[in-house]
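# A look at the structure
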Amino acid sequence: MIDPGVELPARTRIRIRVEGTVQGVGFRPFVYALAAEHGVAGFVGNDCGGVFAEVEGDPPALAAFVGALERRAPPLAVVERVSTEPIPVVGERGFRIAPSEDTRARRALVPPDLATCEDCLAEVFAPSGRRRHYAFTNCTGCGPRFTIVTAVPYDRAGTTMAGFALCDDCAGEYKDPEDRRFHAQPVCCPACGPALRFHGPNGRPVRGEPVEVAARWLRQGRIVAVKGLGGYHLAVLADHEAAVSALRDRKHREAKPFAVMVPDLDSARTLVALEEAAERLLSGTRRPIVLLPRRLDARLAQAVAPGARHLGIMLPYTPLHHLLARRVARPIVLTSGNVSDEPIAHRDEDAVARLSGIADGFLVHDRPIHVRADDSVVRLFRGRELPLRRSRGYVPSPLTVRTRFARPLLACGAELKNTFCVASGDRVFLSPHIGDLENYETLRSFTEGIEHFCRLFGVRPQIIAHDLHPDYLSTRYALERGDAETAAVQHHHAHIASCLADNGHDGPVIGIALDGLGYGDDGTLWGGELLVADLAGYERAGHLETVPMPGGAAAVREPWRMAAAHLDALYGDDVPDLAVVRRHPDQWDSVTTLARTRTNAPFTSSAGRLFDAVSAIVCGRDTAAYEGQAAIELEQRADTGERGGYAMTVTDGTPLVLRGTDLVRGAVDDLASGVGPGRVAARFHNGLAFALVRAACALRDRTGLRTAALSGGVFQNMILLERVVTGLEREKFTVLVHSRVPPNDGGICLGQAVVAATRLATPAGG
C-alpha cells in the first residue's frame, strides 16, 4: 500500500497486483469505473496470477484508488492480496482494459459457476427484449464460469464460448463501461450464442419450442434428460408416481432419495420447513441442494424419497432451469444424468449413449461443458452449512489454510465419494465430486480431473498424498505415477486433520472419527476411532470393539450379516427368536460359522457396521442398495423425543474400548419387551452418544485436552451429531465440526494434504 507519510511528486505511477478470486467476477470493469471515479489514468488486465494494473495520477487520488480496490470490490470477488510498487511516470491519459497476458506462474483463481442474477432473470421474463426467454442470459455477476473454463487467464478465448462470435449488439455491451456486461466473457444472445434443441433418444429432432416440448413431455409423465451447467440431469414430475418409479427402474436406483427442484421459495415452503438460513442457502449464488425437514402434507410421489423425513430441495440456477420450472409449474425431480455409480454425463455423445435407455427425450444445447460438476448438497447444523457434497457453485473456490505447502502437492482422496485436491502456498483447491472409484468411467473422470486442475492452477505435484489402503484405485494411481514423492496418510487421521483444517486449528485435539471403513495401521478395518491427534500424527486412544465382518465386502451390502456377527457374539447358539434370524434360516448358520472361524471375516471397529447391525434388527434393513442406507433408515426411524439411552461399557484401558454389543443387547431386550422401533432406534443413538462423550472425558483427564474434533460420514447423522456436540459442550469442550468440506470421504483429501505437508515440514524427531 502507499505510505501516506512519504512525500510524492505531483504525479506518480504505480504497478498494482491483485490476487484472489478476481477473474470472471466483473473485477476489470470495476477497476475501470473506479479509475474514472478517481480521475486516474492507466490500464488493467488479467494474467495467470490474477489482475494487474498500472495507474498514474495525483498521489491522494492513487491512495484512494488503491484503498477502494479491496474495500469496494464486487460482491463475488475475493481479494486476498493487493500489492503496489512505484514505476516511472509515462504521462498516460485515459484508462483502458488491456489484453490478457499468459504468464507462466498460474495463480489466478477461477470462480465457481454462479446462479442467474435478478437483473438477468428480469430480462429473461420481460414482455419483450432480445433476451426474452433466452436460456443463456448472463452478465459479469452471474452465469457459467468453472465448467466452461479451458485455460487461464479467464477470457472468452479460454472458455467453451470461444466458438460463438459476438454479434454487434453483444459486442457493444461487452465494450461499454456503463453496461453490466462490460467484459462479461460468456455474454451472448439468440443472435450469436448457444441454442436449445429437443430430440428423442434416437437423436431425431422433435418439432416445437424446445422448453415447451420438454415441459409438455414432463406433464405427460415422460423422462427428460436436461443438459445443465455441469452435466446432464434426468427430470420427471415429482408428483407423478408412475414417472418417478420408471426413473428409479431405468436408472437402477432402488431407494436413494431424489432431489426436487421448485420454481421459488414459496413453492419450497409447500414441501419443506424453511428457516432463514435455509432460505439464504436456497436462493444464494451457489444454489446447492439443501436437505430440509419434509412437511407431512407435501404433495409428492411416494417414490421420490421413500420413508424420508428430509427432502433435498433446490431452486433453479440457470435461465434454462427457470424457464422449465415456470412452464411446468410443479415440482420436478432433478437427479444426476447417469446410471447409478457412474459419473454424471457431460459430453453430448456420451450422454446420448448412456442415457438413451433412461430418457424419453433430450433438452440440449450446443455450448460444450468442459468440466463436469454435480450439484452440491448441504445440510444445516445449528444455522451453519454442513456440506455433504461440495461441487457446483463451490468448486473451484480455494480453501485458505494455516498449513504452508512449501512444495506443490496432490492429495488423491479415498475410494468412496472421491474428491482430490491440489495445493500450493496456503491454498487448497478441492475437485468437484467425482464419485466412487469402482469402475473405469469414474477412474477416467478422476485422472482427467487431476490433469485439468494441475494445468489450470499451475501445480506440478512434487508430493502425492494417498490413503493407506493398498487396493484403493486412488492409492494405486498415486503409487504408479512415479513422478513425485508419495506420502501415505491413515484414513481416520485424515478425517480429523480435515476437520482441523476446516476450522483453522492445528491441534492437538481429541478426534472422534466415525465412518464405514478405513484401513488401520495395524492391518484391520477401522471405523469407530478416538484419536489424540494433531496435523503431524496421532495416537489411537480408543475405538469401538472389533467384531468380524462375515463375508467381508458382502457384509456391507447385506447388513443382516453384521447383525448375525453381533448376535452370535452375544448369545452363541441361544440367539433370541428375532425377525432377522427368521428371515435367513438357510444362511444363518453358515454366516455365523464364518464369524466364529474368522474365515473371510475381517475384524472391524466400524461405527457404520454397528449401525448396519442394529438397523437390520430394528428396521428390517437386510440389504443396502446404496452406501449408508441402513444407517439412514435407523436415523429416520428414531423418535427424537426419546431421551433414554442404552448403557454402553467404556473399558478403562489403553486404548479405551467402547462395547457396541451392549447397544445391540439393549435393542434386543427392548424389542422383546414390546418397546417400539422408534424408541429403540433413539435409545441406540443416545447410548452411543453418551458413551462417546464419556470416552472423550476420560481422554481429557489423561491428556488435558479440551478440544474435540468430529469427522467421518457417520456424523452426517443429525441426531448423533447433535447429541454428541451437546454432550461435549456440557462437559466444557470446544467442539470442532465441518462447515467448508464434507465430514464424509468427500473431504478426506484435505486432511491428506495438510498431514503430508506438516510431516514434511516437521524435522525428524521434532
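The sections below set out a description of the structure shown in this document. Worth saying up front: this structure is predicted, and the values here are computed from it rather than measured.

Helix and strand counts for the protein chain come out as 23 helices and 27 strands. Here the C-alpha radius of gyration of the protein chain, 28 Å, is about what a compact globule of 766 residues would show, namely 27 Å. Counting only C-alpha atoms and orienting by the principal axes, one finds that the protein chain spans roughly 95 × 70 × 50 Å. Within the protein chain, the fraction of its 766 residues that count as buried is 61%. Excluding contacts between residues fewer than 6 apart, the proportion of contacts in the protein chain whose partners are at least 24 apart in sequence is 72%. When the 88 basic and 91 acidic side-chain charges of the protein chain are each reduced to a single mean position, those positions are 3 Å apart.

Let us look at the sheet that holds strand 15 (residues 384–389). One open sheet accounts for 10 strands, arranged 6-13-7-8-12-9-11-10-14-15; its pairing is mixed. In the strand order of this sheet, the two ends are held by strand 6 (196–199) and strand 15, each with one partner. Along the sheet, successive strands turn relative to each other by an average axial angle of 35°, direction set aside. Relative to strand 12 (residues 332–336), strand 9 (residues 259–261) runs antiparallel, the two being bridged by 2 bridges. Across the sheet, residue M261 finds its bridge partner in strand 12, namely I332. Contacts from helix 5 (residues 210–219) reach strand 6, strand 7 (224–227), strand 8 (232–237), strand 12 and strand 13 (361–365) within the one sheet, and its direction differs from that of strand 6 by about 40°.

The next point concerns the pattern of salt bridges. In total, this model carries 58 salt bridges according to the counting rule given. Residue R13 pairs with E92 through a salt bridge whose shortest N-O separation is 2.8 Å. Here R13 is found in strand 1 (residues 12–21), whereas its partner E92 is found in the loop between strand 4 (78–87) and strand 5 (95–97), with 79 residues between them in sequence. R13 gets classed as buried once you look at its relative accessible area, which sits at 3%. You can call E92 buried: its relative accessible area is 15%. Taking the shortest distance from any N to any O, the salt bridge between R382 and E722 comes out at 3.0 Å.

The next point concerns the pairing of strand 13. In terms of residue burial, strand 13 counts as a mostly covered element, since 5 of its 5 residues are buried. Residues of strand 13 alternate between two faces, with G361, L363 and H365 on one and F362 and V364 on the opposite face, all of them buried. Bridge analysis of strand 6 against strand 13 gives 4 bridges, and the strand direction is antiparallel. The residue bridging L196 from the neighbouring strand is H365, located in strand 13.

Looking now at the pairing of strand 1. Judged by how many residues are buried, strand 1 sits mostly within the fold: 9 of 10 residues are covered. Bridge analysis of strand 1 against strand 3 (residues 50–57) gives 7 bridges, and the strand direction is antiparallel. The residue bridging I14 from the neighbouring strand is V55, located in strand 3. For strand 1 and strand 4, the ladder comprises 9 bridges, and the chain directions are antiparallel. Residue R13 lies in a different strand from strand 4, and its bridge partner there is I87.

It is worth spelling out the packing of helix 18 (residues 607–619) against helix 19 (residues 629–637) at this point. Contact geometry for helix 18 and helix 19: axes closest at 8 Å, N-to-C directions at 55°. As judged from the angle between their axes, helix 18 and helix 19 are oblique. Relative to helix 19, helix 18 is oriented so that their crossing is left-handed. On helix 19, the residues that touch F611, D612, V614, S615, V618 and C619 of helix 18 are A630, A631, E633, L634 and R637. Residue composition of the contact of helix 18 with helix 19, by class: 7 nonpolar, 1 polar and 3 charged.

In this structure the tally under the stated criterion is 0 disulfides. Here C139 stays free of any disulfide, with the sulfur of C117 as its closest cysteine sulfur at 3.7 Å. On the accessibility criterion, C139 (3% relative accessible area) is buried.

This next bit is on the packing of aromatic side chains. Under the criterion given, the structure shown has 15 aromatic pairs. In this structure an aromatic cluster arises from ring pairing among F146, F420, F429, F446, F453, F457 and Y477. In this structure, R222 is placed above the aromatic ring of W217, and the distance from its NZ or CZ to the ring centre is 4.0 Å. Above the plane of the ring of Y317 lies R392, whose end atom (NZ or CZ) is 3.5 Å from the centre.

Rules used in this analysis
- Residues numbered from 1 in each chain as written.
- Predicted model: local features only at pLDDT ≥ 70, side-chain atom pairs only at ≥ 80, totals over all residues.
- Heavy atoms only, no water.
- Helix = DSSP H or I, 4+ residues; strand = E, 2+ residues; numbered from the N terminus.
- Rg over C-alpha atoms; globule rule 2.2 N^0.38 Å.
- Buried < 20%, exposed > 50% of the residue type's maximum accessible area, 1.4 Å probe, protein only.
- Contact = heavy atoms within 4.5 Å.
- Lys, Arg positive; Asp, Glu negative; His and termini not counted.
- Charge placed at Lys NZ, Arg CZ, Asp CG, Glu CD.
- Pairing = 2+ DSSP bridges.
- Axes fitted to C-alpha atoms, helices over the stretch in contact; angles between N-to-C directions.
- Salt bridge = Lys/Arg side-chain N within 4 Å of Asp/Glu carboxyl O.
- Parallel < 35°, antiparallel > 145°, perpendicular 65-115°, else oblique.
- Left-handed = near helix turned anticlockwise from the far one by under 90°.
- Nonpolar A, V, L, I, M, F, W, Y, C, P; charged D, E, K, R; others polar.
- Disulfide = S-S within 2.5 Å.
- Phe/Tyr/Trp six-rings, centres within 6.5 Å; stacked < 30°, edge-to-face > 60°.
- Lys NZ or Arg CZ within 6 Å of the ring centre and 35° of its normal.

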